[in-house]
Amino acid sequence: MIRQGDWLLTPERAAVHVPSATAVIADLHLGYEEVRIRGGEALPIESVEQRLIALCALAARYAIQRLVIAGDLVERARGGGERVEDLSRCLRFAGIPWVGLVPGNHDRHLDVGGLCSLLPDGFDVGGYRVLHGDGTLPRVPVLHGHIHPCLRWGEVTAP
């Protein structure tokens, strides 16, 4: 865990604004395994519940009162509504209020079915604007996901 002012960066890949008990997570890419398997790759399938065990632990450890997802909730928007329902059910079970989704590039046209608010202009918390990070960033302090670890060598980029 790393503390930076009022923010904690946790091993569960969350930024927690301590005074408001708000957790910000990004790039869950729910359904990733299913999409890759359909494409011919051999990957184990992890359920939404398994992927959210860390989030539930985070909520308990830091008394999280609300959650904002900073984009790329799903791997593919088409058919992603089922993943949104799964996540919503898990969050209700864990007692974590879901403030909303700042849509990312993978969430374009995702139907959230009224299960959360869509926050296309971002969400302000702790002096930061929460965005996904795939577009032009404003000239204000920003908290975002989207940048994935990768190797760049000349013209080659690999995850």
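The structure displayed is predicted, hence computed values, not measured ones.

### Here's the deal with unusual backbone geometry
The phi torsion at Arg13 lies on the positive side, around 65°, for a residue other than glycine. Relative to the elements of secondary structure, Arg13 occurs in the loop between strand E2 (7–9) and strand E3 (15–17). Accessibility expressed as a relative area gives 58% for Arg13, which makes it exposed. In this model, His109 sits at a positive phi of 70°, which is unusual for a non-glycine residue. Relative to the helices and strands, His109 is located in the loop between strand E6 (98–101) and strand E7 (117–118).

### Here's the deal with the nonpolar core
The nonpolar side chains of a soluble globular protein tend to be buried, and buried together. Membership of the largest hydrophobic core comes to 28 residues, with the highest contact counts inside it found for Ile69, Leu73 and Trp98. Secondary structure elements with two or more residues in this core: strand E4 (22–25), helix H3 (53–62), strand E5 (66–69), helix H4 (81–94) and E6. When sequence neighbours within four positions are dropped, the list of residues in contact with Trp98 reads Leu67, Ile69, Leu73, Val84, Leu87, Ser88, Leu91, Leu115 and Cys116. Membership of the second largest hydrophobic core comes to twelve residues, among which are Ala15, Val24, Ala26 and Phe123.

### Observations concerning the state of the cysteines
The full count for this structure, using the stated rule, is zero disulfides. Between Cys56, a cysteine without a disulfide, and Cys90, which holds the nearest cysteine sulfur, the sulfur-to-sulfur distance is 6.7 Å. Its relative accessible area of 13% is what places Cys90 among the buried residues.

### Observations regarding the sheet that holds strand E9 (residues 128–131)
Ordered in space as E8-E9-E10, the three strands form an open sheet in which the pairing is mixed. The open sheet is flanked by strand E8 (123–125) and strand E10 (142–144), the only strands paired with a single partner. If you compare each strand with its neighbour and ignore which way they point, the axes differ by 35° on average. As judged from the three bridges shared by E9 and E10, these two strands associate in the parallel manner. Each bridged residue has a counterpart across the sheet, and for Val130 the counterpart in E10 is Leu143.

Reading guide: rules and limits
- Residues numbered from 1 in each chain as written.
- Predicted model: local features only at pLDDT ≥ 70, side-chain atom pairs only at ≥ 80, totals over all residues.
- Heavy atoms only, no water.
- Helix = DSSP H or I, 4+ residues; strand = E, 2+ residues; numbered from the N terminus.
- Buried < 20%, exposed > 50% of the residue type's maximum accessible area, 1.4 Å probe, protein only.
- Core = buried A, V, L, I, M, F, W, Y, C linked by side-chain atoms within 4.5 Å.
- Contact = heavy atoms within 4.5 Å.
- Disulfide = S-S within 2.5 Å.
- Pairing = 2+ DSSP bridges.
- Axes fitted to C-alpha atoms, helices over the stretch in contact; angles between N-to-C directions.

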